[in-house]
Amino acid sequence: MIYNQEMTELETGCRNYFIEQDKKIVFGEGNVKANLMLVGEAPGRQEIEQGRPFVGQAGKNLDEFLQLLNIERDDIYITNAVKFRPAKINPKTNRLINRPPSKLEINDSKAFLIGQIKIIAPQIIVTLGNVPMRVILDNEKLNIGDLHGTVQNIHIDNISYLVFPLYHPASIIYKRALRAVYEEDLLKLKAIIS
Ligand code: URA
């Protein structure tokens, strides 16, 4: 992992901000000089336990994704749109389960995500699913079904970035029909980054 002072300071700021709300965070990890930045939705239980994004089953999906692209985890920077775990109690089991983040929660993490983009200045930002795509393209009406596998453009402080929305790998598990579409999108991404 390669860190720099600016990223460490941003992480500390984020940690302190969410400590006030009694929330543990997973900030992000990887190469701060990466050309590719990957943005997921939010950490789950295992991510919070280990303090790392995309571990457990999500990590296995990610490894498959990276293998198809022929890149190593250490070559990229990985983070999430929401820095803490949105969870609720399952009344049947009395245990915490994941839930989709609220608009307020998404907005609460946004400044940290934008800060990460500015520090890394990646050539391409790959978003997984609706949540990070809507945050980064700054439009909550967008739908991943319309934009997956296309190249989008954003400007932050007059610097332009390419954004490539993909379906979230977890949605491929629930909807098997998406698998072929997802692989086709990955091939497009591979062509762009090579
Ligand atoms: N784990 C993460 O860190 N992010 C996701 O979006 C899903 C699982």
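Everything discussed here concerns the structure shown above.
We now turn to the structure provided with this report. Small disclaimer: the values here were computed from a predicted structure and weren't measured.

Turning next to the site of the ligand. Contacts to the ligand come from Gly40, Glu41, Ala42, Pro43, Glu47, Pro53, Phe54, Ala58, Asn80 and His168. Glu47 has a polar side-chain atom sitting 2.9 Å from a nitrogen atom of the ligand. Between the ligand and Phe54, the relevant distance is 3.0 Å, taken from an oxygen atom to a main-chain nitrogen or oxygen of the residue. Summarising the interface, the protein chains cover 90% of the accessible area of the ligand, which totals 240 Å² for the free molecule.

The subject of this paragraph is the pattern of salt bridges. One pass over the structure, following the stated rule, counts eleven salt bridges. Here Asp157 makes a salt bridge to Lys118, at a shortest N to O gap of 3.0 Å. On the criterion of sequence distance, the pair formed by Asp157 in the loop between β7 (152-156) and β8 (159-166) and Lys118 in helix α4 (residues 103-120) is long-range, its members being 39 residues apart. Through salt bridges that share partners, Glu29, Arg52 and Arg73 make up one connected network.

Ordered in space as β1-β3-β2-β6-β8-β7, the six strands form an open sheet in which the pairing is mixed. Each of the sheet's edge strands pairs with one partner strand only, and the pair in question is β1 (29-30) and β7. Pairing of strand β6 (residues 124-128) with β8 involves five bridges; the strand directions are parallel. Considered in β8, the bridge of Val126 is made with Phe164.

The rules behind each value
- Residues numbered from 1 in each chain as written.
- Predicted model: local features only at pLDDT ≥ 70, side-chain atom pairs only at ≥ 80, totals over all residues.
- Heavy atoms only, no water.
- Near = heavy atom within 4 Å.
- Polar contact = N/O pair within 3.5 Å; in protein donor to acceptor, adjacent residues only side chain to side chain.
- Areas by Shrake-Rupley, 256 points an atom, 1.4 Å probe, with all protein chains shown as cover.
- Salt bridge = Lys/Arg side-chain N within 4 Å of Asp/Glu carboxyl O.
- Helix = DSSP H or I, 4+ residues; strand = E, 2+ residues; numbered from the N terminus.
- Pairing = 2+ DSSP bridges.

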